[in-house]
Amino acid sequence: MGGKEAFNLVKHDIENGAKVLGLATGSSPITLYNEMTSSDIDFSNMTSVNLDEYVGLQADNEQSYHYFMKEHLFNKKPFKNSYVPDGSNPDAEAATSAYDKIIEDNPIDLQILGIGRNGHIGFNEPGSPLDGKTRKVSLTESTIEANTRFFEDEKDVPRFAYSMGIGSIMKAKKIILLAYGEAKADAIAATVDGPVTEDCPASALQNHPDVTLIIDEAAASKLK
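Rules of the game
- Residues numbered from 1 in each chain as written.
- Predicted model: local features only at pLDDT ≥ 70, side-chain atom pairs only at ≥ 80, totals over all residues.
- Heavy atoms only, no water.
- Helix = DSSP H or I, 4+ residues; strand = E, 2+ residues; numbered from the N terminus.
- Rg over C-alpha atoms; globule rule 2.2 N^0.38 Å.
- Contact = heavy atoms within 4.5 Å.
- Areas by Shrake-Rupley, 256 points an atom, 1.4 Å probe, with all protein chains shown as cover.
- Lys, Arg positive; Asp, Glu negative; His and termini not counted.
- Charge placed at Lys NZ, Arg CZ, Asp CG, Glu CD.
- Phe/Tyr/Trp six-rings, centres within 6.5 Å; stacked < 30°, edge-to-face > 60°.
- Buried < 20%, exposed > 50% of the residue type's maximum accessible area, 1.4 Å probe, protein only.
- Axes fitted to C-alpha atoms, helices over the stretch in contact; angles between N-to-C directions.
- Parallel < 35°, antiparallel > 145°, perpendicular 65-115°, else oblique.
- UniProt positions renumbered as here; feature names shortened; annotations may be inferred.
- Pairing = 2+ DSSP bridges.

A. Quick look at the overall build of the protein chain. Assigned secondary structure in the protein chain consists of seven helices and nine strands. In terms of overall size, the protein chain behaves like a compact globule, its C-alpha atoms giving a radius of gyration of 16 Å where 224 residues would be expected to give roughly 17 Å. Expressed as lengths along the three principal axes of its C-alpha atoms, the size of the protein chain is roughly 40 × 40 × 35 Å. Contacts spanning at least 24 positions in sequence make up 80% of the contacts within the protein chain whose residues lie at least 6 apart. A total accessible area of about 10,600 Å² is found for the protein chain, and carbon and sulfur atoms account for 47% of it. Here the protein chain contributes 21 positively and 34 negatively charged side chains, and the mean placements of these two sets differ by 4 Å.

This is the structure we're talking about:
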């Protein structure tokens, strides 16, 4: 249901001239991508810009976000240009400044977001600057733990990522945030009802003029 609702918003924006989509990984947007791949929309004149990528993984690694996006969207619905941070580049300054240039050259019309249990968006963990650009980030223990299920061994989970900053996310014309399940309830409550604070990175969205939250009852269970 949430994926269908998100797809309708994406379709509406494309019909009204959107050319650049900001895309996310993780479980929350998969139903949206399923709707996109089964649709008759042609994305071949559009550009996508992804939020983040693990540092140290090659694009063809099955746990990389490059691979995730190909599996869930791009193999079936190719875009004219698809950008994901280069996690294989060990030079953080070069990798992040190159990605900032991509974002600057491709202003995002509609940004898709998930949210972490600790309120992170992209890999902007608690404490991240609310005006930040793309940078190398250290993943928190809770994020590493949440990602362990995707790897054979906990020690294989990357400890760092390149992530679009909150300041860059906030420049998108429109934002859709997807969240499902009770595990996201505290984060959603802090995002919507709490103060705008680095302690909950997603709370910055309160200052954006056009944000839509698509959440289920479990994720909404702690809203005031």
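B. Local environment of the packing of aromatic side chains. The full count for this structure, using the stated rule, is six aromatic pairs. Between the aromatic rings of Tyr54 and Tyr65, the centroid separation amounts to 4.9 Å while the plane-to-plane angle is 35°, which identifies the pairing as tilted. Of the two residues, Tyr54 sits in strand β3 (residues 52-54) while Tyr65 sits in helix α3 (residues 65-74), which places them 11 residues apart along the sequence. The pair Tyr54 / Tyr65 is uniform in exposure class, with both members buried. With centroids separated by 6.1 Å and ring planes inclined at 20°, the aromatic side chains of Tyr65 and Phe123 adopt a geometry described as stacked. You can see Tyr65 sitting in helix α3 and its partner Phe123 sitting in the loop between β5 (110-113) and β6 (135-138), a full 58 residues away along the chain.

C. Inspection of the packing of helix α2 (residues 30-37) against α3 at higher detail. Packing of α2 against α3 brings their axes to within 9 Å, and their N-to-C directions diverge by 45°. Here α3 runs oblique to α2, going by the angle between their axes. Where α2 approaches α3, its residues Ile30, Tyr33, Met36 and Thr37 are matched on the opposing element by Phe68, Met69, His72 and Leu73.

D. Structural view of the UniProt feature "active site" (unreviewed entry) in the protein chain. Feature annotation in UniProt places "active site" (unreviewed entry) on Asp52, Asn118, His120 and Glu125, given in this structure's numbering. Tracing the backbone shows Asn118 in the loop between β5 and β6. Residue classification places Asn118 among the partly exposed positions, given a relative accessible area of 21%. With sequence-adjacent residues up to four places away left out, Asn118 is seen in contact with Glu125, Pro126, Thr140, Ser142, Thr143, Asp199 and Pro201. Here His120 is to be found in the loop between β5 and β6. We classify His120 as buried; its relative accessible area is 12%.

E. View of the sheet that holds strand β7 (residues 160-163). Pairing within the open sheet is antiparallel, and its three strands lie in the order β3-β7-β6. Pairing within the sheet leaves two strands with one partner each, and these edge strands are β3 and β6. Between one strand and the next, the sheet's axes are offset by a mean angle of 30°, whatever the strand orientation. Sheet analysis places β6 next to β7, joined by four bridges and oriented antiparallel. Directly across from Lys136, in β7, lies its bridge partner Tyr162.

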